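# Structural description and commentary
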There are 2 protein chains.
Amino acid sequence: MHVHLRDGPMCKLITPTVRSGGIAICYVMPNLVPPVTTKQQVVEYHAKLQSLAPKTTFLMTLYLSKDLTPELLEECAGLIHGIKCYPAGVTTNSKYGVDPNDFSAFYPLFAKMQELGLVLNLHGEKPSTKEEGDDINVINAEPRFLPALRKLHDDFPKLKIVLEHCTTHEAIDLVRELNQDVKAGDEIYVAATITAHHLYLIIDNWAGNPINFCKPVAKFQKDRKSLIAAATSGEPWFFFGSDSAPHPIHTKQVHVGVCAGVYTQSDAVSYVAEIFDKEGKLQNLPKFIGSNGISYYGLDKTILDKHGDESVWLVERKNKVSMVIGNSDVNVVPFKAGDELKYTVEWRPNSKT
Amino acid sequence: MHVHLRDGPMCKLITPTVRSGGIAICYVMPNLVPPVTTKQQVVEYHAKLQSLAPKTTFLMTLYLSKDLTPELLEECAGLIHGIKCYPAGVTTNSKYGVDPNDFSAFYPLFAKMQELGLVLNLHGEKPSTKEEGDDINVINAEPRFLPALRKLHDDFPKLKIVLEHCTTHEAIDLVRELNQDVKAGDEIYVAATITAHHLYLIIDNWAGNPINFCKPVAKFQKDRKSLIAAATSGEPWFFFGSDSAPHPIHTKQVHVGVCAGVYTQSDAVSYVAEIFDKEGKLQNLPKFIGSNGISYYGLDKTILDKHGDESVWLVERKNKVSMVIGNSDVNVVPFKAGDELKYTVEWRPNSKT
């Protein structure tokens, strides 16, 4: 429910791996260059992705910016499922983003989103301060953002908001707290996605290893444990968003300005399954990678109509992660390249009843 | 008072830059491959360095390991000034190092060092734990080491101990505390070095920038401010140790296993001077880069005998850091490559009186 498919040769390479990694429906991030901010871009990008992977369902988003208007949202309502908000400057192609210290300029837009049932997808980090003063850094950037999430939910209690790729125990705690009065069957408004790689990584794993450097950065064991507990809990407000974010290998092998992002899509379900297995919680895997997100986005009919004739099966069979995925145009090093995973996935037709 | 001069082509390239960076006497780290653990290695390495830079004074060290004996220390007493202790696995070529959870096996050695007046130079980090449990990581590795420093000082109150390249406010606080009863003119036993780059960097500056990745990693603004306050204070237990640690550029431009270390030696004094200038503390610069370390190591006579005929002058003249320093054999990217510094240094003969 959160994947970067890029454009150009990278898009061609990566888009088919959504399915091979075990995912039927994916939620596509709009941080292209230039970002996706018009109806035409949405239509064209969707058509391109669909042509590259006809059996995959691509859910489209717009990039929150001053270019968006309530009128545009009405026009796009059937074409998009949500809008992604990037704080300016925190990650790949986020320079067109917004100032998370003051969302008020976007309140008319949020009101329209709430009315149309569009989801607000938040990259939940405050931009780092370069000098003294308030001292926001890559470690506390997410906790410092959380009051903004709380305020947004207070101001728009029926706006669906997803805190994307959350990385801290503080974020997990807040999402739980904001759902404490939700009863079975109630609509869920505030949810969080968790990536595969944040179930594995802490700060030591990306210090000196650019391939594991992403934003938000992986934090500490306490945070990782909290993410694993949330993911494997089955709670309906936590679901998988890979935040798979491929970069050409040459942009990772630099001594300054390493691109932020970890590519996981080609083995997405296998990475997650291994963690669930270790925790003895494989029974909750379908919730995390499937039904929780499906329900949150109201996609039960989409599943039946478009994906009713086959299922993805988790198969216990050793599976070595490729050292590199690519072709003559572009190469990407996947997460845990060369490591052996315990599980793989297979697509199988559903038996007719 | 803490520099890595390496061996091979890197040593040839780097050793002369100690002087061009404004330093007359340097304290040489022993983490070669294999590490310096014999009298012969000390003699040969010293001769090599001296031939590469005849005007520079090189103070030699041994690498703390099980190969060292009290007898060897007696033999080497005139040749070395101290012994460097690396916790196994924390930084470049530290695999031969020791377990900082239990120094007791080295107590006979420390007793001999105390007797001979040799300095124990500590890389003050606990090794990271790979899995759950005690959860030591690159951020808390130094604070978690500090109880070991306190215990060593308790057990050997007259052993001279330097906490090298300290990076946290906790370390600064402890070194101050352990010196709280020291009066002017007293011998100082516990001191700390501070690097140039840790006066500039925080975690955000090395996240995604391997060129700024070193061990211990740079921490947060609170820590940086504490380091700057200590360095500029003039307090005699804080002095400069560059921990300049060059690595060939190709070992920084990798997506896994980036070498830890920042190379600063060729502009060492200029980097530090700029910070002192910003703080309005240039008057304390000679203490930090000179007399504090000279006094701690008892080198006043060395200065007079070997360096009495010239002085290094700080000159306010804009100075652009090289993008790369090298030759056909090896290339190194210096700290703040391409940036403009406010000061440079010049060696000038002392006027005869």
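Residues numbered from 1 in each chain as written. Chains lettered and ligands numbered in written order. Predicted model: local features only at pLDDT ≥ 70, side-chain atom pairs only at ≥ 80, totals over all residues. Heavy atoms only, no water.

- As recorded in an unreviewed UniProt entry, chain A goes by dihydroorotase and comes from Candida oxycetoniae.
- Per UniProt, chain A has the following entry under Sequence similarities (unreviewed entry): "Belongs to the metallo-dependent hydrolases superfamily. DHOase family. Class II DHOase subfamily." (UniProt positions renumbered as here; feature names shortened; annotations may be inferred.)

## A look at the overall build of chain A
- Regarding its fold elements, chain A presents 13 helices and eleven strands.
- Over its C-alpha trace chain A gives a radius of gyration of 19 Å, about what one expects of a compact globule, namely 20 Å for 353 residues.
- Across the 353 residues of chain A, 58% fall into the buried class.
- Relative to all contacts within chain A whose residues are 6 or more apart in sequence, the contacts with residues 24 or more apart total 73%.
- Split by element, the accessible area of chain A, about 13900 Å² in all, is 52% carbon and sulfur. (Helix = DSSP H or I, 4+ residues; strand = E, 2+ residues; numbered from the N terminus. Rg over C-alpha atoms; globule rule 2.2 N^0.38 Å. Buried < 20%, exposed > 50% of the residue type's maximum accessible area, 1.4 Å probe, protein only. Contact = heavy atoms within 4.5 Å. Areas by Shrake-Rupley, 256 points an atom, 1.4 Å probe, with all protein chains shown as cover.)

## Thoughts on helix α11 (residues 268–278) of chain A
Residue and element names in this part refer to chain A.
- Here α11 lies mainly inside the structure; nine of its eleven residues are buried.
- Buried within α11 we find Ala268, Val269, Ser270, Tyr271, Val272, Ala273, Glu274, Ile275 and Phe276.
- Packing partners of the buried residues in α11 comprise α9 (221–233), β7 (238–240), α12 (285–296), β8 (310–320) and β11 (340–349).

## As for the pairing of strand β3 (residues 80–85) of chain B
Residue and element names in this part refer to chain B.
- Counting buried positions over the six residues of β3 gives five, a clear majority of the element.
- Bridge count for strand β2 (residues 57–63) against β3 is four bridges, and the pairing is parallel. Among the inter-strand pairings, Thr61 is bridged to a residue of β3, identified as Gly82.
- Viewed along the sheet, the connection from β2 through helix α4 (residues 70–76) into β3 turns out right-handed. (Pairing = 2+ DSSP bridges. Right-handed = clockwise from strand over helix to strand, strands pointing away.)

## Concerning the packing of helix α6 (residues 141–155) of chain B against helix α7 (residues 169–178) of chain B
Residues and elements named next belong to chain B.
- At a minimum axis distance of 10 Å, the contact between α6 and α7 shows a crossing angle of 15°. Classified by the angle their axes make, α6 and α7 are roughly parallel. Helix-helix and strand crossings are classified by hand; for α6 and α7 the assignment is right-handed. Taking contact as the criterion, the partners of Glu142, Pro143, Leu146, Leu149, Arg150 and His153 in α6 are, on α7, Glu170, Ala171, Leu174, Glu177 and Leu178.
- Taken together, the residues of the contact of α6 with α7 sort by class into six nonpolar, one polar and four charged. (Axes fitted to C-alpha atoms, helices over the stretch in contact; angles between N-to-C directions. Parallel < 35°, antiparallel > 145°, perpendicular 65-115°, else oblique. Left-handed = near helix turned anticlockwise from the far one by under 90°. Nonpolar A, V, L, I, M, F, W, Y, C, P; charged D, E, K, R; others polar.)

## Describing the sheet that holds strand β7 (residues 238–240) of chain B
All names here are of chain B.
- The parallel open sheet is built from seven strands, whose spatial order is β1-β2-β3-β4-β5-β6-β7. The sheet terminates laterally at β1 (25–27) and β7, the two strands that pair on one side only. This sheet shows a mean twist of 30° between the axes of neighbouring strands, independent of strand direction.

## Remarks on the relation of the copies chain A and chain B
- Expressed as a screw operation, the relation of chain A to chain B combines 0.0 Å of axial shift with a rotation of 180°, fitting to an RMSD of 0.0 Å. The superposition of one copy onto the other is thereby described by a two-fold rotation axis. For chain A, the residue whose C-alpha comes nearest the rotation axis is Gln253 of chain A, separated from it by 2.3 Å. (Least-squares fit on C-alpha atoms with pLDDT ≥ 70 in both.)

## Remarks on the interface of chain A and chain B
- Taken together, the contact pairs 34 residues of chain A with 34 residues of chain B.
- Between chain A and chain B, a total of about 2600 Å² is buried, with carbon and sulfur atoms accounting for 60% of that surface.
- Looking at the side of chain A facing chain B, the largest losses of area belong to Asp204, Gln221 and His255 of chain A, adding up to 22% of the total buried there.
- Counting across the chain A and chain B interface gives twelve residue pairs in polar contact (both at pLDDT 80 or more).
- Only α8 (203–206), α9 and α10 (249–252) of chain A provide two or more residues apiece to the side of chain A that touches chain B.
- Looking at the side of chain A that touches chain B, its residues break down into 16 nonpolar, nine polar and nine charged. (Buried area = accessible area lost by both parts, 1.4 Å probe. Polar contact = N/O pair within 3.5 Å; in protein donor to acceptor, adjacent residues only side chain to side chain.)

## A word on unusual backbone geometry
- In the segment running from Lys215 of chain A into Pro216 of chain A, the intervening peptide bond is cis, with an omega of -10°.
- In this structure, Asp243 of chain A takes a positive phi of about 45° despite not being glycine.
- Backbone geometry at Lys336 of chain B places phi at a positive 60°, although glycine is not the residue there.
- Owing to a relative accessible area of 23%, Lys336 of chain B belongs among the partly exposed residues under this scheme.

## Overview of the sheet that holds strand β1 (residues 25–27) of chain A
All names here are of chain A.
- Spatially, seven strands are ordered β1-β2-β3-β4-β5-β6-β7 in an open sheet, and the strand pairing comes out parallel. Here the strands that pair on one side only, and so sit at the sheet edges, are β1 and β7. Between one strand axis and the next, the sheet turns through 30° on average, direction left out of account.
- Contacting β2 (57–63) and β3 (80–85), helix α3 (residues 39–52) crosses the sheet at an angle of about 150° to β2.
- In the packing of helix α7 (residues 169–178) onto the sheet, the strands contacted are β5 (160–164), β6 (190–194) and β7, and the crossing angle to β6 comes to about 150°.

## Quick word on the packing of α7 of chain A against α9 of chain A
All names here are of chain A.
- Where α7 meets α9, the closest approach of the two axes is 8 Å, and the angle between their N-to-C directions is 35°. On the side of α7, the interface is formed by His169, Glu170, Ile172 and Arg176, while α9 contributes Lys222, Asp223, Ser226, Leu227, Ala229 and Ala230.
- Residues of the contact of α7 with α9, tallied by class, amount to four nonpolar, two polar and four charged.

## Some points on the pattern of salt bridges
- Applying the stated criterion across every chain yields a total of 24 salt bridges over all chains.
- Note that Asp305 of chain A and Lys301 of chain A form a salt bridge whose closest N and O atoms lie 2.7 Å from each other. Placement of both Asp305 of chain A and Lys301 of chain A in helix α13 (residues 300–307) is noted, with a separation of four residues, approximately one turn of the helix. For the pair Asp305 of chain A and Lys301 of chain A, one class covers both residues: exposed.
- Here Lys112 of chain B and Glu115 of chain B are joined by a salt bridge, their closest N and O atoms 3.3 Å apart. Here Lys112 of chain B and its partner Glu115 of chain B are both found in helix α5 (residues 107–116), three residues apart, which amounts to about one turn of the helix.
- A relative accessible area of 13% means that Lys112 of chain B is categorised as buried.
- Shared partners join several salt bridges into a network, and the residues in it are Glu74, Lys112 and Glu115 of chain A. (Salt bridge = Lys/Arg side-chain N within 4 Å of Asp/Glu carboxyl O.)

## What about helix α9 (residues 221–233) of chain B?
All names here are of chain B.
- For α9, built from 13 residues, the straight-helix expectation of 18 Å at 1.5 Å per residue is met to within 8% by its first-to-last C-alpha distance of 18 Å.
- Where α9 is concerned, the buried positions are Gln221, Asp223, Arg224, Ser226, Leu227, Ile228, Ala230, Ala231 and Thr232.
- Buried-residue contacts for α9 involve α7, β6 (190–194), β7, α11 (268–278) and α12 (285–296).
- Downstream of α9 by a residue or two, Gly234 has a phi angle that is positive, lying close to 85°. (Expected span 1.5 Å × (residues − 1).)

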